[in-house]
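# Results of the structural survey
Now for the letters of each chain:
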Amino acid sequence: MILTALAAGTTTAVGAAEGGEGFETPTPDIFWLPLIGEGNWAITEQMVWGGVSVVLLSVVMVALSKKAAIVPSKGQFFMENFYNLARNGIARDMIGTKHFLKFVPLLFSLFSLILLNNWFGILPPVMNPTFGRIGFPIALTLVVYVVYHWIGIKKMGVGGYFKHLVPPGLPGWIKPAIFVLEFITYFITRPLTLALRLFGNMFAGHMLIVLFVSAGAFFLTQGIAFKLLSVPTFIMAAAMFVFEALVQFLQAYVFTLLAASYIAGALADDH
Amino acid sequence: MQFTATPSTVVSLATAEGAKMPLIPHIPELIFGLVMIGVLYWVVSTKVVPNLEKAYEERRAAIEGGMEQAEEAQAQAQAALQQYEAQLHEARTEANAIREEARAEGASIVTEMRERAQAESSRITESAKRQIEAERQQASVQLRSEVGALSTTLASRIVGESLEDEVRQKGMIDRFLAELESGAVRPEKVGAGAPVTTDAPRSEKAEQGQLDLGTDGTAGRDA
């Protein structure tokens, strides 16, 4: 298969030999979905779905936890299991039983928000992962970034926090190098990778799904050979849906886990 | 798979109206992302987590309460068991004491009975002895009168003269007996083989033997 991006547009002709209209490969443009307004201040579809996700999560979670009792109802049981995944599986394991409870609301919010918005990528009628737009991962990363620096500085003071970057017991000559490395890790690498990992996975996954679905649909409009080819293409698309469901869950989990790990690192007495 | 991207493609991507490079954040989205996490955080931290944590706390308290109750019940059972064991021990000691007492009482009864039997037996022996003595006395008195009669008869036959006179006869017999008792009559004088002469020492000996027998008899019976 040859994908050729031409300068003329952002379209490519693959089935030109068949004499059809040609196949438009998905481009990053498919993520640009302005709903109201245009240009730099347009309100995008992802923003609307993001808002919907917040409302949906709020309503459902409040409803399921409102009458939380000693003996849980079915709904509460489901809610507790979901909540425990973030509370015990991430926050308590990473931060430790002493301080974790304070960070559970933040980590649980992050986890549920990312998970639902990721799954929006394979859920009709949305079919678009919110975090495929870099602005959203950056926003969440910004929150995590501020929180873990804030608690570190609050605990050790500004000087102590920077001193804490260098592990104790190192020979003097290596300390500056380690400091630079650790500084880069703490202030640049961590936020960058945190945001880009989530964005990249959602972006690429959505691209793949769109590619397979649109290719399959295109093949159906072509001759018999291509019609047959559409079958494995759709099978592949279905497989990608399943795969994406897993990746989307995993990315939500990883994002929350790393956030918890950064918080734990800032809280820890030593490396 | 082959990608061909000309510089103009990239430029067109970057400069397209609204559709920026995917890595350049759309500012409204960034701000809205902050709002989203802010709102959700507020809801979760005020309405969801406290409810769930309260339920967890209550559940923990309920379980601990249940465990406390179970521990209490166990302690009570333990106390009851100890009490029963103490009572059992007490009863056993009491039974032992009673048994011991009964044994002692039985032993004392046996001793008492034995003493009583002993006393009875010695009393019987004593009375038997006394009776024998009386009978002997009687026998000796009777024997004395018979021996007198026989000897007078014998003497009258030998001498040939009747000694019918009772006073004389009695006086002679008494005299003879007195002589016999005082030891004036010797067997040598009367003649060898005379049974009367050996009577005195024999009776003395017999008396002594009887005394011996008396002491010996009690001792033998005791043993």
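Residue positions within a chain follow its written sequence, with the count starting from 1. As they are written, the chains are lettered A onward and the ligands numbered 1 onward, keeping that order. The predicted origin of the model limits local features to residues at a pLDDT of at least 70 and limits the giving and counting of side-chain atom pairs to 80 or more, whereas totals for whole chains, interfaces and linings rest on all residues. Note that water and hydrogens are dropped before the side-chain values are worked out from all heavy atoms of the structure.

What follows is about the overall build of chain B. Secondary structure follows DSSP: runs of H or I at least 4 residues long count as helices, runs of E at least 2 residues long count as strands, and numbering of each begins at the N terminus. Broken down by element type, chain B carries five helices and one strand. Its helices and strands taken in sequence order, chain B reads β-α-α-α-α-α from the N to the C terminus. Only protein chains enter the area calculation, which uses a 1.4 Å probe; residues under 20% of their type maximum are buried, those over 50% are exposed, and those in between are partly exposed. A buried classification covers 15% of the 223 residues belonging to chain B. Here, two residues are considered to be in contact whenever any of their heavy atoms come within 4.5 Å of each other. Sequence-distant contacts in chain B: of pairs separated by 6 or more residues, those separated by 24 or more amount to 37%. Reported accessibility uses the Shrake-Rupley method at a 1.4 Å probe radius. Residues are deemed covered only where the shown protein chains occlude them. Accessible area for chain B stands at about 17000 Å²; split by element, carbon and sulfur atoms hold 59% of it.

To continue, consider the overall build of chain A. The number of helices and strands found in chain A is six helices and three strands. Each helix and strand of chain A, ordered N terminal to C terminal, gives the series β-β-β-α-α-α-α-α-α. A burial count over chain A gives 44% of its 271 residues as buried. Considering only residue pairs separated by 6 or more positions, chain A has 66% of its internal contacts joining residues 24 or more positions apart. Per element, the accessible surface of chain A, about 13000 Å² overall, is 73% carbon and sulfur.

Segments scoring low in pLDDT should not have their predicted coordinates read at a detailed level. All names here are of chain A. pLDDT is a per-residue confidence score from the predictor, ranging from 0 to 100. Residues at a pLDDT of 70 or more form 91% of chain A, whose mean pLDDT is 87. Within chain A, helix 3 (residues 104-119) carries the highest mean pLDDT (95), whereas strand 1 (residues 2-5) carries the lowest (38). Counting contacts from residues 1-19, a segment whose pLDDT is below 50, to residues more than four positions away or on other chains yields 37 contacts.

Compared with an ideal rise of 1.5 Å per residue, which puts 30 residues at 44 Å, helix 4 (residues 135-164) of chain A spans 31 Å between its outermost C-alpha atoms and falls more than 12% short. The bend at a residue is defined as the angle formed between two axes, one fitted to the seven residues ending at that residue and one fitted to the seven starting there. Taking the largest bend as the criterion, helix 4 of chain A deviates by roughly 105°, centred on A:G157. Expected helix span is taken as 1.5 Å per residue step, with the number of steps being one fewer than the number of residues.

Once that is clear, we can look at the UniProt feature "transmembrane region" (unreviewed entry) in chain A. Residue and element names in this part refer to chain A. Look at the UniProt record and you will see "transmembrane region" (unreviewed entry) annotated at residues 46-64, 100-122, 134-153, 165-188, 194-217 and 249-268. A helix fraction of 100% and a strand fraction of 0% characterise residues 46-64, whose end C-alpha atoms lie 26 Å from each other. Helix makes up 95% of residues 249-268 and strand makes up 0%, while its end C-alpha atoms are separated by 28 Å. UniProt positions are given in the numbering used here, feature names are shortened, and annotations may be inferred rather than shown by experiment.

As recorded in UniProt, the feature "transmembrane region" (unreviewed entry) lies at residues 26-44 of chain B. Secondary structure content for residues 26-44 of chain B is 95% helix and 0% strand, and the end C-alpha separation is 27 Å.

What characterises a pair of aromatic rings is the spacing of the ring centres plus the angle enclosed by the ring planes. Residue and element names in this part refer to chain A. Two rings from Phe, Tyr or Trp (for Trp, the six-membered ring) form a pair when their centres sit within 6.5 Å of each other. Planes less than 30 degrees apart are called stacked, planes more than 60 degrees apart edge-to-face, and all others tilted. The final tally for this structure, using the stated rule, is 26 aromatic pairs over all chains. Between Y161 and F162, the ring centres sit 6.2 Å apart and the planes meet at 65°, which makes this aromatic pair edge-to-face. Chaining the aromatic ring pairs together yields one cluster made of Y145, Y148, Y161, F162, F179, F183, Y186, F187 and Y262. Two thresholds decide whether a charge sits over a ring: the Lys NZ or Arg CZ must be within 6 Å of the ring centre and within 35 degrees of the ring normal. When the ring centre of Y148 is taken as reference, the NZ or CZ atom of R190 above it lies at 5.8 Å.

This next bit is on the nonpolar core. Nonpolar side chains in soluble globular proteins tend to end up buried together. Nonpolar core, defined: a set of buried Ala, Val, Leu, Ile, Met, Phe, Trp, Tyr and Cys residues in which side-chain atoms within 4.5 Å join the residues together. Ranked by internal contacts, the top residues of the largest apolar core, which has 59 residues, are A:M61, A:I95, A:L107, A:F108 and A:L110. Residue assignment for this core shows that the elements contributing at least two residues are helix 1 (45-66), helix 2 (74-95), helix 3, helix 4, helix 5 (175-220) and helix 6 (224-267) of chain A together with helix 2 (27-159) of chain B. The residues contacting A:M61, other than those within four sequence positions of it, are A:M79, A:F82, A:F108, A:S112, B:L40, B:V44 and B:V48.

A word on the side chain of A:S53. Here A:S53 shows up in helix 1. The class of A:S53 is buried, set by a relative accessible area of 0%. The definition of a polar contact used here is a pair of N or O atoms within 3.5 Å, where within protein one atom must be able to donate a hydrogen and the other to accept one, and adjacent residues in sequence count solely through side-chain atom pairs. Polar contacts involving the side chain of A:S53 include one to the main-chain carbonyl oxygen of A:G50, which spans 2.5 Å. Here A:N117 takes part through its side chain, which lies 3.0 Å from a polar atom of the side chain of A:S53. Here A:S53 is in contact with A:L113, A:L116, A:N117, A:F120 and B:M36, once residues within four sequence places are set aside.

Moving on, we get to a nonpolar patch on the surface. Residue and element names in this part refer to chain A. Here, patches come from residues exposed beyond 30% relative accessible area and free of salt bridges, joined within 9 Å for like charges and within 5 Å for nonpolar side chains (Val, Leu, Ile, Met, Phe, Trp, Tyr). The salt bridge criterion pairs a side-chain nitrogen of Lys or Arg with a carboxyl oxygen of Asp or Glu, the two atoms within 4 Å. The grouping of L35, I36, I43, V48, V52, L56 and V60 at the surface amounts to a nonpolar patch, some 540 Å² of accessible area in total. Those elements that provide at least two residues to the nonpolar patch are strand 2 (34-36) and helix 1. Per-element tally for the nonpolar patch: the top contributor is helix 1, with four residues. Relative to the elements of secondary structure, I36 occurs in strand 2.

Quick look at the packing of helix 5 of chain A against helix 6 of chain A now. Residue and element names in this part refer to chain A. Only the stretch in contact is used when fitting a helix axis, every axis being a line fitted to C-alpha atoms; angles between N-to-C directions are given from 0 to 180 degrees. It is the contact of helix 5 with helix 6, at a shortest axis distance of 8 Å, that shows an interaxial angle of 165°. Relative to helix 6, helix 5 is oriented roughly antiparallel. Considering only the axes of helix 5 and helix 6, their crossing is left-handed. Amino acids are sorted into nonpolar (Ala, Val, Leu, Ile, Met, Phe, Trp, Tyr, Cys and Pro), charged (Asp, Glu, Lys and Arg) and polar (every other residue, Gly among them). Here the contact of helix 5 with helix 6 is composed, by residue class, of 24 nonpolar, nine polar and four charged. Roughly parallel means an angle under 35 degrees; roughly antiparallel, over 145; roughly perpendicular, 65 to 115; everything else is oblique. Crossing handedness: left-handed means the near helix sits turned counterclockwise from the far one by under a right angle, and right-handed means the same turn made clockwise.

What follows concerns the pattern of salt bridges. Residue and element names in this part refer to chain B. Counting across every chain of the model gives eleven salt bridges over all chains. With a closest N to O distance of 3.0 Å, R123 and E120 form a salt bridge. Separated by three residues within a single helix, R123 and E120 lie in helix 2, roughly one turn from each other. Given a relative accessible area of 49%, R123 falls into the partly exposed group. Taking relative accessible area as the criterion, E120 reaches 39% and is therefore assigned partly exposed.

With that settled, the discussion passes to the confidence of the model for chain B. All names here are of chain B. When pLDDT is averaged along chain B, the result is 78, and 70% of the positions lie at 70 or above. Element-level mean pLDDT values for chain B span from 47 in helix 5 (residues 199-222) up to 91 in helix 2. Across residues 10-18, confidence stays below pLDDT 50; counting only partners more than four residues off in sequence or on other chains, it has eleven contacts. Of the two predicted TM-score estimates for the complex, the pTM is 0.64 and the ipTM is 0.87.

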